[in-house]
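Breakdown of the fold
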Amino acid sequence: MAPTLPLLSSPASLPRSQACSPTPATSSMAFTTPPPFASSSSTSPRLLLFTTLFLSYLTALFTSIIIYRLFFHPLRHIRSLFLAKITKLTSLYAARNGQKHLEQAALFEKYGNFVRVAPNEVFMCSVEGIRKIHVRDSGCRKLNAGVYDVIHSEGEYNLDSIMTREEHAPRRKVCHTWLAKVASFNGKPIDTSLFSLLISFDHMGKVEFSHEFRSISRKGTQDATLSMFGEIGQMGELTWLLSIAQNVKLSKTAAEFDQLTMLMADRRAAAEDNNKGDILQHFLDDMRSEKSIAFTNKNILYSDAALVLTGATDTIGAVLAHLFYQLANHPHYQDLLHVQFQKAYGKTIPDEFTNQDLSKISLLDALINETMRVDNLIASNDPRQTPPEGITVDGVHIPGGVAVRVPAHALHRSEQFYAEPAQFRPERWLDDNKEYVKNAEAFIPFLVGPNNCVGKRMTMSVLRLVMAYTVYNYTWEKAPGEDWKRIRTESKDNLILKAGPFEAVFLPR
Ligand code: HEM
């Protein structure tokens, strides 16, 4: 530790007698400490002058910035809230109650398909926008906003193939644990949103770390609140604020989540046999190889492990929660599915379902698609930055260097692309009802282009299996007192939408 210089010591660091008691005139302190009033008369005018100059400087600086952003900025032609033209701090207000996704839809309604949401940021509700921003040679590049940035490994890691290998044993095991839990409730209300998160959390424990979290069996509500994003998602995506919040560990749940994934990664790294077929095996193999491509140090291992865990748990949990809700609200789909599941049961593996057999049930995928359309769980993807020459979308020019997004929640709910967008109509995804989807390109739950979601196939397989085992064994309906609303009104947009509670009662078939 650096020695403390005596001159810089605070009174508190002095011996008590020197620090507080009146000092005799003969003591050395009498000569080294300036008399309290001697300097104040000379420093006050100087301080006043300095403050005045400083404030004038700040006033001139901010006034010129405001004038530029209002009247001369290349985005001045794009409509927006007045304050959003001046400062991105308005995004804090939009995120205040975790309902940012709804605010975005409202903005499009008010201002049209292009909205300037911050001085240098544009949201657009446009299919051409998706093409111009996300396709491989669009020229737009991903901007550091970080949801999945760390995992992206230039295709060197084919996470998709790691996660969708044909061996579905962990997925089936989680389904059986869930069924046992439902049985133990014996007709009492179950918060399906909570258990949806626990199901996906336990599933990822197995698939990612070969670890049993066992949160379904012990109803680990604590596990369900853990998320890398947590309250951080409500900080308006102000990059500077996010990094301060992360560094000072402002979000307790995010800090605990970090600890958990570090512990899991360390434990997994310490395992004698790395050949476990889980996601960490591939990360560790790379880290230990002489020609490591992505995992060049342990911190990358920690952050990628955390990102995969939250990116897979919160997402799958949210869709599952809404599926339980939608099937309770539209029970005839449970019966229709049950007929199909009876045919698929035991077809490939005795007394089990397989993803391959379930993937052929078009109504099941239509239900999943419609659930993700109506309640898309990622309100807006990471921003992209326009290339220096800018882009022109639907005739509107966006100059270079601007952050642009097509927010999926609003897009999925737009009448421009869907007939009766507010209605839950799974049939719109079946061949003979295509008129309800006016433009299928406007469906981007997993995004498109080179940065689309690598977990798509794994997600579909988990959702299909959980639905199949549940519908095959149970019917469910809303619990007495459940008002159908909380799942949306109490949802939180923490970058990934966290569903509010929905209580249902389950009856064995
Ligand atoms: C319902 C489930 C899911 C949804 C809706 C979803 C959605 C998305 C979206 C929209 C993106 C693009 C974000 C952007 O670039 O702006 C993305 C990327 C990604 N997702 Fe998912 N995701 C889901 C599940 C998963 C799962 C289970 C995993 C598995 C670990 C996963 C891993 C990733 C990774 C690694 C990326 C980054 C891909 C890249 O940048 O190349 N996701 N996801």
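The rules behind these values
Positions within a chain are numbered from 1, following the residues in the order the chain's sequence is written. Totals for whole chains, interfaces and linings use all residues, but because this is a predicted model, local features are given only for residues with pLDDT of at least 70 and pairs of side-chain atoms are given and counted only at 80 or more. Side-chain numbers here rest on the full set of heavy atoms in the structure, without hydrogens or water. DSSP bridges decide pairing: two strands pair if at least two such bridges lie between them. To qualify as a helix, a DSSP run of H or I must reach at least 4 residues; to qualify as a strand, a run of E must reach at least 2; elements of each kind are numbered from the N terminus. Residue contacts are counted whenever heavy atoms from the two residues lie within 4.5 Å of one another. The angle between two axes is taken between their N-to-C directions and runs from 0 to 180 degrees, where each axis is a line fitted to C-alpha atoms and a helix contributes only its stretch in contact. Remark: nonpolar core denotes a set of buried residues (Ala, Val, Leu, Ile, Met, Phe, Trp, Tyr, Cys) joined through side-chain atoms within 4.5 Å. Here the term buried applies to any residue with accessible area under 20% of the maximum for its type, exposed to any over 50%, and partly exposed to those in between, with areas from a 1.4 Å probe on protein chains only. UniProt positions are given in the numbering used here, feature names are shortened, and annotations may be inferred rather than shown by experiment. In this analysis, rings of Phe, Tyr and Trp, with Trp reduced to its six-membered ring, are considered paired at centre separations within 6.5 Å, and the interplanar angle assigns stacked below 30 degrees, edge-to-face beyond 60, and tilted for intermediate values.

**As for the sheet that holds strand 12 (residues 503–508)**
- With respect to topology, three strands assemble into an open sheet ordered 4-12-9, the strand pairing being antiparallel. Here the strands that pair on one side only, and so sit at the sheet edges, are strand 4 (190–191) and strand 9 (474–478).
- One ladder, built from two bridges, connects strand 4 with strand 12; its direction is antiparallel. Residue pairing for strand 12: Ile190 is matched across the bridge by Ala504.
- Packing of helix 15 (residues 298–329) onto the sheet brings it into contact with strand 9 and strand 12, and relative to strand 9 it is tilted by some 85°.
- Across the face of the sheet, helix 20 (residues 456–473) comes into contact with strand 9 and strand 12 while running at roughly 95° to strand 9.

**Looking at the nonpolar core**
- Grouped together as the largest cluster of nonpolar side chains are 114 residues, with contacts concentrated most on Trp178 and Ile398.
- Top contributing element to this core by residue count: helix 15, with 16 residues.
- Once you skip the residues sitting within four places of it in the chain, Trp178 turns out to touch Ile190, Phe195, Ile199, Ile216, Phe324, Val466, Thr470 and Phe506.

**Section: the UniProt feature "transmembrane region" (unreviewed entry) in the protein chain**
- The residues that UniProt annotates with the feature "transmembrane region" (unreviewed entry) are residues 47–71.
- With 100% helix and 0% strand, residues 47–71 has end C-alpha atoms that lie 36 Å from one another.

**Details of the packing of aromatic side chains**
- Scanning the model with the defined rule gives 22 aromatic pairs in all.
- Judged by centre distance (6.1 Å) and plane angle (75°), the ring pair of Phe324 and Phe506 falls under edge-to-face. Highlighted residues: Phe324 in helix 15 and Phe506 in strand 12, separated in sequence by 182 residues. The pair formed by Phe324 and Phe506 is uniform in burial state, with each residue classed as buried.
- Measuring from ring centre to ring centre gives 5.9 Å for Tyr325 and Trp484, while their planes differ by 75°; the resulting arrangement is edge-to-face.

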